[in-house]
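# Summary of the model geometry
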Amino acid sequence: MTDSSAGSGAGDHGLLFVVSAPSGAGKTSLVKALLEVEPSIQLSVSYTTRAPREGEQDGVHYHFVDAAAFDRMVEANAFVEYARVFDNAYGTAAATLREELDAGVDLLLEIDWQGARQVRERFADAIGIFVAPPSLEALEERLRGRGKDSDDVIERRMAQAWDELSHHAEYDYLVINDDFSVALGELRCIVAAERLREPRQARRHAATLARMLNGR
Ligand code: 5GP
């Protein structure tokens, strides 16, 4: 018996999930929790010119590069997408992405709306998920709760958050992160639903379907 909730079937392309959210909406924690319960989904590690934050490791959270190295990658067409967010550049390397999808690996990109737009242009099947906070007040509270940023920075982040939020309609799914476990459950539902789409399921269960259809 096959498990219909399992990862991609043999010969199928991997699913490409693209998750965006305003900074402070809790996207990173949600994605981390999702990948713990769905370990077959691989998180793409982006390149960035921003400095590592405390606890961030090169090659794990990001590939940290300087502006010159980033520009060289842009010129070499090494990115599937890239964008400037705040004062830094961020990009998803093309190198392994296509091979992994072709090999049937499900991938998740945590990128901003500008990058998501570029990914959609290249991968029509990409599944866009937007994570929003329950209110701007909640967002500001979370940003202040980090306790690391000055009022100026918070103000800029709020403006940026509003800008990101204004692009929610470009995505296939909208998750409101009010209650963490509810939002996580919703993300899991999206993954399950996408894996259960008919063409993918029909390929996976081709023999069973053929037996039933030819049986009478
Ligand atoms: P942070 O500096 O807080 O890690 O990320 C800032 C923003 O950059 C977030 O909205 C994050 O999703 C976005 N981001 C991270 N990696 C990439 C990437 O590879 N491409 C794009 N377009 N945005 C990214």
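So, here's what we can say about the structure. These figures come from a predicted structure and were not determined experimentally.

## Thoughts on the site of the ligand
Around the ligand, the structure places 15 residues, and the nearest of them are Lys27, Ser46, Arg50, Tyr62 and Tyr90. In this structure, an oxygen atom belonging to the ligand sits 3.4 Å away from a side-chain N or O atom of Thr92. At 2.7 Å, a side-chain N or O of Asp112 approaches a nitrogen atom of the ligand. Here the ligand, which alone exposes 510 Å², has 91% of that area covered by the protein. Here the ligand is seated within the largest pocket. Those elements giving two or more residues to the shell around the ligand turn out to be strand E5 (79-85) and strand E6 (88-93). In terms of residue class, the shell around the ligand is made up of 5 nonpolar, 4 polar and 6 charged.

## Let's talk about the pairing of strand E7 (residues 106-110)
With 4 of its 5 residues buried, E7 lies for the most part within the structure. As defined by bridge partners, strand E1 (residues 16-20) adjoins E7 across 4 bridges and the pair is classed as parallel. In the strand pairing of E7, Phe17 is matched with Leu108. Note: strand E2 (residues 41-43) against E7, 3 bridges, orientation parallel. Bridging from a neighbouring strand, Ile41 pairs with Asp106 of E7.

## Thoughts on the sheet that holds E5
The sheet built from 4 strands is open, its strands ordered E4-E3-E6-E5 with mixed pairing. The outermost strands of the open sheet, each flanked by one partner alone, are strand E4 (63-64) and E5. As defined by bridge partners, strand E3 (residues 47-48) adjoins E6 across 2 bridges and the pair is classed as antiparallel. Within E6, the residue paired with Tyr47 across the bridge is Gly91. Across the sheet, helix H2 (residues 67-75) lies against E3, E5 and E6, angled at about 140° from E5, the strand it touches most.

## Thoughts on the layout of surface pockets
The volume enclosed by the largest pocket comes to roughly 1,500 Å³. Around the largest pocket, the lining comprises 47 residues; the ones closest to its centre are Thr28, Arg50, Arg53, Tyr62 and Glu110. Elements represented by at least two residues in the lining of the largest pocket include exactly helix H1 (27-37), E5, E6 and helix H6 (151-165). The residue inventory of the lining of the largest pocket, partitioned by class, reads 17 nonpolar, 12 polar and 18 charged. If you add up the space inside the second largest pocket, you get close to 480 Å³. What lines the second largest pocket is a set of 19 residues, and nearest its centre among them are His13, Gly14, Leu15, Asp125 and Arg200. Listed by contribution, the elements that provide at least two residues to the lining of the second largest pocket are helix H3 (97-102) and helix H8 (198-204). Residue composition of the lining of the second largest pocket, by class: 8 nonpolar, 2 polar and 9 charged.

Rules behind the numbers
Residues numbered from 1 in each chain as written. Predicted model: local features only at pLDDT ≥ 70, side-chain atom pairs only at ≥ 80, totals over all residues. Heavy atoms only, no water. Near = heavy atom within 4 Å. Polar contact = N/O pair within 3.5 Å; in protein donor to acceptor, adjacent residues only side chain to side chain. Areas by Shrake-Rupley, 256 points an atom, 1.4 Å probe, with all protein chains shown as cover. 1 Å grid on protein atoms, 1.4 Å probe; cavity = no way out; pocket = protein on both sides within 12 Å on 5 of 7 lines; lining within 4 Å. Sits in = over half its atoms within 2 Å of the grid points. Helix = DSSP H or I, 4+ residues; strand = E, 2+ residues; numbered from the N terminus. Nonpolar A, V, L, I, M, F, W, Y, C, P; charged D, E, K, R; others polar. Buried < 20%, exposed > 50% of the residue type's maximum accessible area, 1.4 Å probe, protein only. Pairing = 2+ DSSP bridges. Contact = heavy atoms within 4.5 Å. Axes fitted to C-alpha atoms, helices over the stretch in contact; angles between N-to-C directions. Points joined across faces, edges and corners; volume = space filled by probe spheres on them.

By themselves, these observations are geometric and do not establish any function.
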